[in-house]
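Spelled out from the first residue to the last, the chains are:
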Amino acid sequence: MIRVSKWRVKHISHRNFVLLLSLVIGLVSGLAAVLLKNAVYYTHYFLTRGFDAESGNLLYLAYPLFGIAFTVLFVRYVVRDNISHGVSRILYAISKNNSHLKVHNNYSSLVASTITVGFGGSVGLEAPIVLTGASIGSNLARVMRMDYRTITLMIGCGAAGAIAGIFKAPVAAVVFALEVLMLDLTMASLIPLLIAAVTGATISAFLMGSAVIFSFSVTDPFNLANIPFYIILGIVTGLVSLYFTRANMFIESMIGALRRPMTRLLAGGLLLSLLIFLLPPLYGEGYEVLTAILNGRGDDIVNNSFFYPFRENHWLFLGFLLLVMFFKVVAMACTTAGGGVGGVFAPSLFMGGVTGFFTARFINHFGFGHLPESNFALAGMAGVMAAVMHAPLTAIFLIAEITGGYEFFIPLIITSTISYLTINLYEPHSIYTKRLAARGELITHDKDKAVLSRLSIHKLIETNFLTIGPDASLGDLVKVIARSERNVFPVIDRENNFLGVVFINEIRDIMFNHELYDKTFVRNLMYMPEPLISIGETMEDVARKFNECAHYNLPVLDNGKYAGFVSRANVFSAYRKLVKEYSQD
């Protein structure tokens with residue numbers, strides 16, 4: 001591989017190689033998306049074929065629990081690593097791990113999510129495939145010995161290729177990489193992202209056909225008179241998204257607090273199975289339900305359930321929709337907390353579609369308007385996704401692309417914007433970033449922190465400060481000063497414990513007084529500077545300490561032992577160098 005790297009440097013420019021690499025990553029990520037989608041489809045088809053639409057089925061009690069159990073076994077004994085919350089793991093890798101993702105992420109999320117979702121886990125495939133694509137980009141770039149900036153870009157390319165492959169939505173895939181992963185919008189990053197996204201979408205269309213996920217026919221064009229209702233829908237979806245985020249966090253923390261993995265598996269799996277048995281629309285991703293709603297067959301949502309005989313009763317039907325909306329989040333959280341692997345893409349789309357459908361039918365029933373239910377389901381999908389992910393542009397373009405509903409850009413924009421503004425009043429972070437922000441590990445959304453996180457205190461420590469002992473005389477100190485190029489002298493004992501410093505400006509008035517050379521000792525001249533720096537501190541902490549004091553050099557200690565000094569000038573110089581690298585176009 002070293003020979004290949006040398007040949008590449010000699011014959012292919014960095015710019016051209018990045019473009020070639022983005023093409024390869026887009027191709028592989030798109031293939032992974034196709035593989036995952038087909039694996040889940042055929043697993044789901046094999047397990048549920050022949051189910052009676054007019055009644056419940058006892059197998060709904062067994063499948064989800066078995067799926068989570070098989071996933072837990074795979075993760076525990078094969079992967080041996082935590083692979084849940086894929087997008088959050090990508091953000092953590094970019095923020096705290098130099099954009100390095102483990103090699104097993106190339107396949108582990110793909111296999112685990114196939115088992116979880118194929119057996120009915122109420123989560124989506126998008127986060128696992130995004131983690132898979134990002135891992136492909138990260139590891140391939142590392143093998144090719146790329147720098148941090150390029151590795152991060154290739155993570156974005158892998159994510160974009162995966163999203164484009166699973167949704168056939170290249171524009172939304174690029175927007176996702178920019179809006180959710182917070183990659184810089186420059187031509188140097190935009191072109192590789194476009195190449196990867198188009199490649200992923202093309203390979204998916206070639207292998208699976210060019211049809212969009214939801215077959216949607218425009219029957220009711222956008223009506224300006226319905227704008228107030230889309231505003232109302234935006235507020236409703238914003239509040240639903242707030243419930244979505246907080247309920248998910250709460251339930252996951254409750255089940256996660258159980259100490260034993262088997263207890264968590266049983267708690268999450270049994271509750272999930274019971275919910276799916278009572279409310280079959282919660283089974284799997286829920287895209288079949290959304291397809292029915294968008295094609296005017298919203299009443300089919302009660303199929304396979306005990307509510308089927310009451311589908312003609314308006315109030316019972318609306319009550320069923322409310323139950324589905326309320327328990328979808330519970331089912332999703334039980335799936336992931338119990339040990340299943342999946343994401344929030346599909347659940348947010350499902351919640352949004354059902355919310356929009358419920359809102360339109362409720363308004364129509366009371367005669368406040370005659371609203372197209374399919375259109376409102378479409379706008380609701382964008383609204384919930386925009387608020388849950390804090391990504392309104394991704395939601396707008398994704399819904400437009402995957403449905404082919406470009407005629408609805410205006411209502412999509414209205415609903416998504418209002419929904420995002422509504423949840424932003426209560427939740428400043430998305431469902432992906434909330435946990436990271438709480439732990440102080442979210443750096444991708446703050447470029448200053450991103451740069452500082454890449455600086456290492458070990459590389460900035462200066463050790464050319466001459467030391468002296470506390471029992472040395474002023475005369476001894478003057479001899480050390482004569483040999484030194486610095487004006488600060490750390491005082492240490494025989495065990496290298498840091499005791500303080502002597503600053504040359506503080507002794508300038510006595511250092512030439514020979515009468516004091518044998519009478520004055522270092523212990524009488526030293527003082528303990530504030531603040532001190534621990535060798536384990538982050539560069540963000542170091543920068544804050546320099547900002548709070550007037551010192552140009554701060555001592556660095558390793559468990560109380562003297563290690564050296566860090567200078568303000570060196571930190572600033574290293575910071576400027578990395579900023580220049582980040583902003584290179």
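Residues numbered from 1 in each chain as written. Predicted model: local features only at pLDDT ≥ 70, side-chain atom pairs only at ≥ 80, totals over all residues. Heavy atoms only, no water.

Novice: So what exactly am I meant to see when it comes to the overall build of the protein here?
Specialist: From N to C terminus, the protein includes 24 helices and 5 strands. Taking all 585 residues of the protein together, the buried fraction comes to 56%. The long-range share in the protein, meaning contacts at least 24 apart out of those at least 6 apart in sequence, stands at 77%. About 25800 Å² of surface is accessible on the protein, with carbon and sulfur atoms providing 61% of the total. (Helix = DSSP H or I, 4+ residues; strand = E, 2+ residues; numbered from the N terminus. Buried < 20%, exposed > 50% of the residue type's maximum accessible area, 1.4 Å probe, protein only. Contact = heavy atoms within 4.5 Å. Areas by Shrake-Rupley, 256 points an atom, 1.4 Å probe, with all protein chains shown as cover.)

Novice: In this structure, what is going on with helix H17 (residues 409-424)? I would like to understand it.
Specialist: Residues separated by three or four positions in an α-helix point in the same direction, a consequence of the helix having 3.6 residues per turn. Over its 16 residues, H17 runs 22 Å from end to end, which matches the ideal 22 Å to within 8%, given 1.5 Å per residue. Within the span of H17, buried status applies to Pro411, Leu412, Ile414, Thr415, Ser416, Ser419, Thr422 and Ile423. For H17, the elements touching its buried residues are helix H10 (227-256), helix H15 (373-389) and helix H16 (392-403). (Expected span 1.5 Å × (residues − 1).)

Novice: Could you clarify how one ought to interpret the sheet that holds strand E5 (residues 561-567) in this entry?
Specialist: The strand order across the open sheet built from 3 strands is E3-E4-E5, with neighbouring strands paired in mixed fashion. Only two strands of the sheet have a single neighbouring strand rather than two, namely strand E3 (533-534) and E5. Relative to E5, strand E4 (residues 553-558) runs antiparallel, the two being bridged by 6 bridges. Along E5, the bridge assignment pairs aspartate 558 with lysine 561. (Pairing = 2+ DSSP bridges.)

Novice: Would you explain the packing of aromatic side chains in this entry?
Specialist: The description of an aromatic ring pair uses the distance of the two centres, along with the angle that the planes make with each other. As enumerated under the stated definition, the model contains 18 aromatic pairs in all. On the basis of an interplanar angle of 80° and a centroid distance of 5.1 Å, the ring pair of tyrosine 41 and tyrosine 42 is categorised as edge-to-face. Tyrosine 41 gets classed as partly exposed once you look at its relative accessible area, which sits at 48%. Summarising the aromatic geometry, the rings of phenylalanine 326 and phenylalanine 327 are spaced 4.9 Å apart at their centres and angled 85° between planes, so their arrangement reads as edge-to-face. (Phe/Tyr/Trp six-rings, centres within 6.5 Å; stacked < 30°, edge-to-face > 60°.)

Novice: What am I meant to see in unusual backbone geometry here?
Specialist: Across the chain, the bulk of peptide bonds are trans and the bulk of non-glycine residues have phi less than zero. For the bond from glutamate 530 to proline 531, the omega torsion is 0°, close enough to zero to count as cis. Structurally, proline 531 can be placed in the loop between helix H22 (504-507) and E3. Residues other than glycine seldom take positive phi values, yet histidine 390 does so here, at roughly 55°. With respect to the helices, strands and loops of the structure, histidine 390 is situated in the loop between H15 and H16. Residues other than glycine seldom take positive phi values, yet asparagine 496 does so here, at roughly 70°. When you line up the elements, asparagine 496 lands in the loop between strand E1 (488-492) and strand E2 (498-503).

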